[in-house]
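# Structural characterization, general
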Amino acid sequence: MREERVGQDKAAQKRRNAYLVMLLFCLAGMLAFGDRAEAASPYAANGRLSVSKGKIVNSKGKSFVIKGVSTHGLAWYPEYVNKEAFKTLRDTWGVNTIRLAMYTADYNGYCTGGSQKNLKKKIDQGVKYATDLGMYVIIDWHILSDGNPLTYKKQAKQFFQEIARKYSGYGNVMYEICNEPNGRGGSWKNIKSYAKDIIKTIRSVNKNAIIIVGTPTWSQDVDKAQADPVTGYKNIAYAFHFYAGTHKSGLRSKLEKAVKKGLPVIVTEFGISEASGGGKADTAEGNRWMKLLDQYGIGRVCWNLSNKNETSALLKSSCKKKSGWKASDLSASGKWLVQAYTGKPPASGSGGTGNGSSGSSSTGNGQSLSRTSAGKVKLHASLTRVNSWKSGGKYYTQYKLVLKNTGSKTSSRWQVSVKLKQSFSVSDKWCGSFVRKEKTLTIKPLEWNKKIKKNGTAELGFVVKSAKAQTISSILITAS
Ligand code: IDC
């Protein structure tokens, strides 16, 4: 008992320390950067982009080349949407555009059970950081396993109406309305019918923003779009994607033909990995692609900003930093990209703005997932990462679990199970019983918070300890 008490005090002390360190970081940051004059940001220098004669141009009508990095799925790697990360990309990787990839049907997708509220919050954060830093930002409706864009057209319309209205005054925001149509349903006929509807929706609230339309076969068939483009609207561009490990000269000539015929194209996704996202990093083929894109001034956005253990991830899987990366933090893809975008290899010194990987540091809080119980009793569970810190080489992640009875029936018993990505042990807990089995934590109430009445809530919390930075894989709730 005493030992447990001491343990809790220690954990509380660690939390206090983590807050203090964060505060110091903020103060140091203000002192260090407060009086430094910034070079003109991409947006300050170029203003609103538009499409003119098959090209992307700046507000003065001069050709503008998008050099971007795409997030991985926003629900998957939300922690890289932070201002310091974007600043590192802008200041040390030569990046002027961030693509916010929101899966619609994969991995807690927007249309398949992911928290729409939290995903939109992530987008809001991403747009805010990019805007503060004078960067362009592409909001990507990332269809993939749902190959036919019409499948979730209703949701897409609602989404784009809300988002495009919210950002109608922003000159730096672009909309990519269907990442990669594929399969039989991903035909140009279906895409075009979808695009007409979504473009109309966006244009009803937002007159000028660039809208990017995906093309068949995972956004490779720009020839189909070129032969039969969407008409009646300005500032429409088409998506073209390639992965240099798989796609070579055959696909390059397809792109070149469409561009020569005047089709405005943006490469909103590419990698030097194979199309699977893994395999070999083909730098030589990557260079050939860059040469072609440079020749025609075609914009490009590289997939993906994460440390996932896959070739296309730009960070090494051992890299835990969420910003301020130096050369040794980058994967082969990452190193190649910095060279391709800046003409120089990545600096080996620290980027200067990152939170280091040792000592206590805050590592991207705010990941959140929620679910409502199926059945007559409607209990909504929302799990949020509220704090994280590193101590003694281990990662500590603190979560808050809030239950709310959103139905009309009282819940007399409930159970939540949380699956985490990394192996863990529970280092602290409050207001519930917590049993871990492998990577799953089963959470049950105590006597006093077993019953939750209509509109009633319960709040619980816990801290897990793991060898790697932790993320939530899934959450499940049952209630009766
Ligand atoms: C990949 C991710 C990988 C994830 C997979 C399935 O890199 O971690 O498991 O999606 O969701 C695309 C897609 C993009 C793919 C990427 C690599 O737009 O979502 O990401 N890719 O396979 N088109 C071609 C390649």
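All figures in this text were calculated on a predicted structure; none of them were measured in a lab.

### Thoughts on the packing of helix α5 (residues 153-166) against helix α6 (residues 188-205)
- Taken N-terminus to C-terminus, the directions of α5 and α6 make an angle of 25 degrees; their axes are 8 Å apart at the nearest point. Comparing their axes, α6 and α5 come out roughly parallel. Crossing geometry of α5 relative to α6 is assigned as right-handed. Mapping the contact onto sequence places Lys-153, Ala-156, Lys-157, Phe-160, Gln-161, Ala-164 and Arg-165 in α5 and Tyr-194, Asp-197, Ile-198, Thr-201, Ile-202, Ser-204 and Val-205 in α6.
- Of the residues belonging to the contact of α5 with α6, the class tally is seven nonpolar, three polar and four charged.

### Remarks on the side chain of Asp-106
- Here Asp-106 lies in the loop between β4 (97-103) and α4 (116-132).
- As a buried residue without a salt bridge, Asp-106 has its nearest oppositely charged side chain in Lys-308, at a separation of 10 Å.
- Only 3.1 Å separates the side chain of Asp-106 from the side chain of Ser-145, close enough to count as a polar contact.
- Every residue in contact with Asp-106, bar those within four places of it in the chain, is listed here: Thr-112, Leu-144, Ser-145 and Asp-146.

### Quick notes on the site of the ligand
- Taken together, the neighbourhood of the ligand is formed by 16 residues, with Tyr-103, His-142, Glu-180, Ala-275 and Lys-308 sitting nearest.
- Protein chains bury 84% of the 500 Å² of accessible surface belonging to the ligand in isolation.
- When grouped by side-chain class, the residues that make up the shell around the ligand number six nonpolar, six polar and four charged.

### Here we look at the environment of Phe-86
- Its place among the elements puts Phe-86 in helix α3 (residues 83-92).
- Residue Phe-86 is classed as buried on the basis of its relative accessible area of 0%.
- Sequence separation of Phe-86 and Ala-130 is 44 residues, and the distance between their C-alpha atoms is 6.9 Å.
- In contact with Phe-86, other than residues within four places in its own chain, are Tyr-80, Val-81, Ile-98, Leu-100, Gly-126, Tyr-129, Ala-130, Leu-133 and Met-135.

### Some points on α5
- Taking 1.5 Å per residue, 14 residues should reach 20 Å; α5 reaches 20 Å between its end C-alpha atoms and fits that length.
- Within α5 the residues assigned to the buried category are Ala-156, Phe-159, Phe-160, Ile-163 and Ala-164. The buried residues of α5 all sit within an arc of 110 degrees when viewed along its axis, so they share a single face. Across from the buried face of α5, at angles greater than 90 degrees, the exposed residues are Lys-154 and Gln-158.
- Where α5 is buried, its residues contact β4, α4, β5 (136-142), β6 (173-176) and α6.

### Describing the nonpolar core
- Counting residues in each nonpolar core, the largest one holds 88 residues, and the members touching the most others are Phe-86, Trp-93, Trp-141, Phe-160, Tyr-175, Ile-177 and Trp-325.
- Ranked by the residues each element gives to this core, the list is headed by α6, at eight residues.
- Setting aside its immediate chain neighbours within four residues, Trp-93 contacts Val-69, Thr-88, Leu-305, Leu-314, Leu-315, Trp-325, Leu-330, Leu-337, Val-338, Tyr-341 and Thr-342.
- Within the second largest apolar cluster, 25 residues are counted, among which are Val-377, Ala-381, Ile-472 and Ala-479.

### As for the pairing of β5
- A large share of β5 lies buried, amounting to seven of its seven residues.
- Residues of β5 alternate between two faces, with Tyr-136, Ile-138, Asp-140 and His-142 on one and Val-137, Ile-139 and Trp-141 on the opposite face, all of them buried.
- Pairing geometry for β4 and β5, over seven bridges, is parallel. Bridge pairing in β5 links Thr-97 to Tyr-136.
- Handedness of the β4-α4-β5 crossover: right-handed.
- Two elements, β5 and β6, share four bridges in a ladder whose sense is parallel. Paired with Val-137 across the two strands is Val-173, which belongs to β6.
- This β-α-β element, β5 to α5 to β6, shows right-handed connectivity.

### A closer look at the sheet that holds strand β17 (residues 440-444)
- Strands sit in the order β16-β17-β14-β19 across an open sheet of four strands; the sheet is antiparallel. Both edges of this open sheet fall to β16 (433-437) and β19 (472-479), since each of them pairs with a single strand only. Ignoring strand direction, the axes of neighbouring strands in this sheet form an average angle of 15 degrees.

### Quick word on the confidence of the model for the chain
- When pLDDT is averaged across the chain, the result is 90; 88% of the residues are at 70 or more.
- A low-confidence stretch, residues 25-38 (pLDDT under 50), is modelled with five contacts involving residues beyond four sequence positions or located in other chains.

Scoring rules and cut-offs
Residues numbered from 1 in each chain as written. Predicted model: local features only at pLDDT ≥ 70, side-chain atom pairs only at ≥ 80, totals over all residues. Heavy atoms only, no water. Axes fitted to C-alpha atoms, helices over the stretch in contact; angles between N-to-C directions. Helix = DSSP H or I, 4+ residues; strand = E, 2+ residues; numbered from the N terminus. Parallel < 35°, antiparallel > 145°, perpendicular 65-115°, else oblique. Left-handed = near helix turned anticlockwise from the far one by under 90°. Contact = heavy atoms within 4.5 Å. Nonpolar A, V, L, I, M, F, W, Y, C, P; charged D, E, K, R; others polar. Buried < 20%, exposed > 50% of the residue type's maximum accessible area, 1.4 Å probe, protein only. Lys, Arg positive; Asp, Glu negative; His and termini not counted. Salt bridge = Lys/Arg side-chain N within 4 Å of Asp/Glu carboxyl O. Polar contact = N/O pair within 3.5 Å; in protein donor to acceptor, adjacent residues only side chain to side chain. Near = heavy atom within 4 Å. Areas by Shrake-Rupley, 256 points an atom, 1.4 Å probe, with all protein chains shown as cover. Expected span 1.5 Å × (residues − 1). Arc of directions from axis to C-beta. Core = buried A, V, L, I, M, F, W, Y, C linked by side-chain atoms within 4.5 Å. Pairing = 2+ DSSP bridges. Right-handed = clockwise from strand over helix to strand, strands pointing away. pLDDT = per-residue confidence, 0-100.

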